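# Geometric and topological summary
Okay, here's what each chain looks like letter by letter:
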Protein chains: 2
Amino acid sequence: MSGTGKRVILSSRPVGLPTLDNFSFESFSTPPLTAGQVLVKVAHFSLDPYMRGRMDDARSYAPPIQIGSVMEAGAVGCVEASACEGLEVGDWVYGRMGWTDLAVIEGGLVQKLPISIEPKSLALGVLGMPGFTGWWGLTQHGRPKAGETLVVGAVTGPVGSMVAQLSKKLGLKTIGIAGSEEKCALAVDKFGVDHCLNHKSFNTPEALSAALEAVAPEGVDIYFENVGGKLFEAVIPRMNEHGRIPVCGMISWYNEGSMGTGALTETLSTPHLWRNILVRKLSVNGFIISDHWSNYLQFVREIEPLVESGTLKYLEDEVAGIEKAPSAFIGLLQGHNLGKLVVAV
Amino acid sequence: MSGTGKRVILSSRPVGLPTLDNFSFESFSTPPLTAGQVLVKVAHFSLDPYMRGRMDDARSYAPPIQIGSVMEAGAVGCVEASACEGLEVGDWVYGRMGWTDLAVIEGGLVQKLPISIEPKSLALGVLGMPGFTGWWGLTQHGRPKAGETLVVGAVTGPVGSMVAQLSKKLGLKTIGIAGSEEKCALAVDKFGVDHCLNHKSFNTPEALSAALEAVAPEGVDIYFENVGGKLFEAVIPRMNEHGRIPVCGMISWYNEGSMGTGALTETLSTPHLWRNILVRKLSVNGFIISDHWSNYLQFVREIEPLVESGTLKYLEDEVAGIEKAPSAFIGLLQGHNLGKLVVAV
């Protein structure tokens, strides 16, 4: 059994913010299945900030996407044909199938969805890689303690909203940062943060830092780093001694191409940052969630019931149609989405 | 009982490398003891790189030394008079008595020397704060595993030589960095490192990094950071994934006054460093050993027998006479000492 699919190709590398020119669409016929493979009809694929890094030809935690290759993404879909023992037609699976509506993939590279609640796209957001990232980073590297203060950026996004809600649940004062008044209202009303600052209201890191001081004069114990840039500059000077900084991303720097020093105030030059780590006795831990999939089922067991009961909320932005994926992704990098961005194929 | 002492005062703040003008000598008469105090005749005090930081009027892990105040230092000495229960005349004690030959101090601020081997000055070096720093940082934050590769700077100094020897003992490939051929020979012959690079032989961080790659093509798992500067720039690009960086000091940056960005290559701007922490999944932990004194006796119990048996070596540079303390300290900051620098009063 085979079929004709449509997929999105990286046609050129972006400089700074990607443009539509960097993407092209391609129709393709799926090859006949060989032993061990499955044909998956993709229902949803995920758009995430980390994909910007893969578009560069630079050392990262994963190889860059090659020009002419399909854009990478996690996706959920339904098995349409199987030459793999243990996977049946009709099984719902998760795998890194990419920006595509149809995929032939080794059965060993997908896993049956371990979640039972609907919609299936939750496996890309609150119960998928981003939610897992927030849960793992906070619990393993944040070492949260009741009564402490936590700051997290992109707080209405799927990583930030997981971190913020777990933080509140654990008894921490929780401060979200977001890029609009609408997002800030959502952060407070839906996700329950104690304060949310709209970083666009502050022209400089110093101004944002002062606003942070006003709502958290006690200082910051955990900075969950998924943003970088202005927020990074605002928070580092407010870190308390023995503070923890789990680092899972830096979206605001992804588009700067050279990641040049231009945007940074001199007080956060590399030696100053290093000195801050020393004198404030900070613990800074970079992590990539794909190293930790062996803990994924534990995460699902713990968090799925909270999502099912409505205790833990989520926000999903669904874009309909693969054609809209490039523009939606560019919008994501500019902060246009409110919650987890998925493409319904 | 009282006496007349001599001590060294911070007379002005240095800009960059301190000069003799920044120090002055003062004779003083000790006041009569009040309840709880002891009079200590200082035998040795310690000169350490961290003291440079205290001379600046900048936020650090401890308040700056005030102009007109005595220079701070850990010291060992013998109790000459006691108004403190539990401390007797003749007891040997350690305390932060400063650059002085005589001190009146609260008995609660000194501790009886927990070590039995000679000389007493070991309590300032291999069995004191610097040795303890190396032991704590390596075991707690370095998380060493046999077969890994470790790099440490200032390797003939009291922190570096402790780290290097423990690293070898635990089965790690151990690379020292030092500032002369003489030190490098000592590092190999006395302390047993696998390789030692003389950083003065390399004009640029890139050249030092290439030399490091030549002796450790497998990459670096632990960078014990006590130096900063050129070594920092050389090592970061060579860090392996999941590498650990305990940060206890950055002597090469202490003298730069503003800690300006000038010396750094653009590839280690703050955003690049942050991205390195993410994509290499590094664990960076600043620590200050004074937070961990409750573990000091455990350290002494473990390490003193190794020093006594000669299994663990040390190197002490003794300067005779308090008058020589300022010039010896300036020399220390320039790397003129070979081993642990102490002043015999």
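Residues numbered from 1 in each chain as written. Chains lettered and ligands numbered in written order. Predicted model: local features only at pLDDT ≥ 70, side-chain atom pairs only at ≥ 80, totals over all residues.

### Brief notes about the domain arrangement of chain A
Residues and elements named next belong to chain A. The test is simple: Residue ranges assigned to each domain were obtained from an automatic or database domain assignment. Contact definition: two residues whose C-beta atoms, as placed from backbone geometry, lie within 7 Å. Helix and strand assignments follow DSSP, with helices taken as H or I runs no shorter than four residues and strands as E runs no shorter than two, numbered in order from the N terminus.
What the domain assignment reports for chain A is domain 1 (4–125 + 314–344) and domain 2 (129–289). Distance from the C-alpha centre of domain 1 to the C-alpha centre of domain 2: 28 Å. Listed by partner, the interface residues are 18 residues for domain 1 and 18 residues for domain 2. A total of three residues in the side of domain 1 that touches domain 2 trace back to one element, the largest contributor, which is helix H1 (residues 50–54).

### Describing the pairing of strand E11 (residues 220–224) of chain B
Residue and element names in this part refer to chain B. Formally: Three classes are used. A residue is buried when 20 or more other C-beta atoms lie within 10 Å of its own, exposed when 12 or fewer do, and partly exposed in between, with C-beta atoms placed from the backbone. The pairing criterion for strands is at least two bridges between them, as found by DSSP.
The element E11 is largely enclosed, with a buried count of five among its five residues. As paired elements, strand E8 (residues 149–152) and E11 share three bridges and run parallel to each other. Looking across to E11, one finds that Val151 is bridged to Tyr223. Sheet topology note: the E11/strand E12 (residues 239–247) ladder contains two bridges and is parallel. Considered in E12, the bridge of Ile222 is made with Arg244.

### Overview of the packing of helix H2 (residues 129–142) of chain A against helix H9 (residues 296–308) of chain A
Residues and elements named next belong to chain A. Basically, it comes down to this: Note on method: axes are straight lines fitted to C-alpha atoms, helices fitted across the in-contact stretch only, with angles between N-to-C directions ranging 0 to 180 degrees. Here the angle decides the label: under 35 degrees means roughly parallel, over 145 means roughly antiparallel, 65 to 115 means roughly perpendicular, and every other value means oblique. In this count, Pro and Cys sit with the nonpolar residues alongside Ala, Val, Leu, Ile, Met, Phe, Trp and Tyr, while Asp, Glu, Lys and Arg are called charged and the others, Gly among them, polar.
Across the interface, H2 lies against H9 with an axial gap of 10 Å and an inter-helix angle of 90°. The orientation of H2 relative to H9 falls into the category roughly perpendicular. For the pair H2 and H9, contact is made by Gly131, Phe132 and Trp135 and by Tyr296, Phe299 and Ile303, respectively. Of the residues in the contact of H2 with H9, the class split is five nonpolar, one polar and no charged.

### Description of the sheet that holds strand E13 (residues 283–286) of chain B
Pairing within the open sheet is mixed, and its twelve strands lie in the order E10(A)-E9(A)-E8(A)-E11(A)-E12(A)-E13(A)-E13(B)-E12(B)-E11(B)-E8(B)-E9(B)-E10(B). Of all the strands in the sheet, just strand E10 (195–198) of chain A together with strand E10 (195–198) of chain B have a single pairing partner and so form its edges. Between one strand axis and the next, the sheet turns through 15° on average, direction left out of account. Bridge analysis of strand E8 (residues 149–152) of chain A against strand E9 (residues 173–178) of chain A gives four bridges, and the strand direction is parallel. Residue Thr149 of chain A lies in a different strand from E9 of chain A, and its bridge partner there is Lys173 of chain A. Taken strand by strand, H2 of chain A contacts strand E11 (220–224), strand E12 (239–247) and strand E13 (283–286) of chain A, and its axis lies near 140° from that of E12 of chain A.

### Examining the environment of Glu85 of chain B
Inspection of the secondary structure puts Glu85 of chain B in the loop between strand E4 (75–82) and strand E5 (92–95). Distance in space between the C-alpha atoms of Glu85 of chain B and Leu10 of chain B is 33 Å, their sequence separation being 75 residues.

### Describing the nonpolar core
Definition in use: Any nonpolar core is a set of buried residues, restricted to Ala, Val, Leu, Ile, Met, Phe, Trp, Tyr and Cys, that join up through C-beta atoms within 7 Å.
Counting 212 residues, the largest nonpolar core has Val40, Val155 and Val235 of chain A together with Val40, Val155 and Val235 of chain B as its most contacted members. Residues within four places of Val155 of chain B in sequence aside, it is in contact with Gly160, Ser161, Ala164, Gly176, Ile177, Ala178, Ala187, Phe191, Val193 and Cys196 of chain B.

### Here's the deal with unusual backbone geometry
Excluding glycine, most residues fall at negative phi; most peptide bonds, likewise, are trans. All names here are of chain A. With an omega of -5°, the peptide bond between Glu118 and Pro119 qualifies as cis. Assignment of secondary structure puts Pro119 in the loop between strand E7 (110–112) and H2. The backbone of Lys281 shows a phi angle near 55°, a positive value even though the residue is not glycine. Locating Lys281 in the fold gives a position in the loop between helix H8 (270–279) and E13. On the neighbour-count criterion, Lys281 (19 C-beta atoms within 10 Å) is partly exposed.

### Remarks on the environment of Thr139 of chain B
Among the secondary structure elements, Thr139 of chain B is positioned in helix H2 (residues 129–142). Spatially, the C-alpha atoms of Thr139 of chain B and Cys184 of chain B are 24 Å apart, while their sequence positions differ by 45 residues.

### Focus on the packing of H2 of chain A against helix H3 (residues 158–169) of chain A
Residue and element names in this part refer to chain A. Filter applied, for reference: By convention, the crossing between two helices is left-handed when the near helix turns anticlockwise from the far helix through less than a right angle, and right-handed when the turn is clockwise.
For the pair H2 and H3, interaxial distance at closest approach is 7 Å and the crossing angle is 40°. One way to sum up the angle between H2 and H3 is to call them oblique. Crossing angle aside, the handedness with which H2 passes H3 is right-handed. Across the interface between the two elements, Pro130, Gly131, Thr133, Gly134, Trp135 and Leu138 from H2 touch Pro158, Val159, Met162, Val163, Leu166 and Ser167 from H3. Partitioned by chemical class, the residues of the contact of H2 with H3 number eight nonpolar, four polar and no charged.

### Focus on helix H10 (residues 325–333) of chain B
Residue and element names in this part refer to chain B. The condition that has to hold: Throughout, the arc means the angular range of directions from the helix axis out to the C-beta atoms.
Taken as a whole, H10 has its buried residues at Ala325, Pro326, Phe329, Ile330, Leu332 and Leu333. Looking straight down H10, one finds that the buried residues subtend no more than 155° of arc, so they occupy a single side. Downstream of H10 by a residue or two, Gly335 has a phi angle that is positive, lying close to 80°.

### A word on helix H4 (residues 181–189) of chain B
Residue and element names in this part refer to chain B. All buried positions along H4 are accounted for by Lys183, Cys184, Leu186 and Ala187. The buried residues of H4 occupy an angular sector of 160° when projected down its axis, which confines them to one face. In H4, the exposed positions that point more than 90 degrees away from the buried face belong to Glu181, Glu182 and Asp189. In this fold, the buried residues of H4 make contact with helix H3 (158–169), strand E9 (173–178) and E10.

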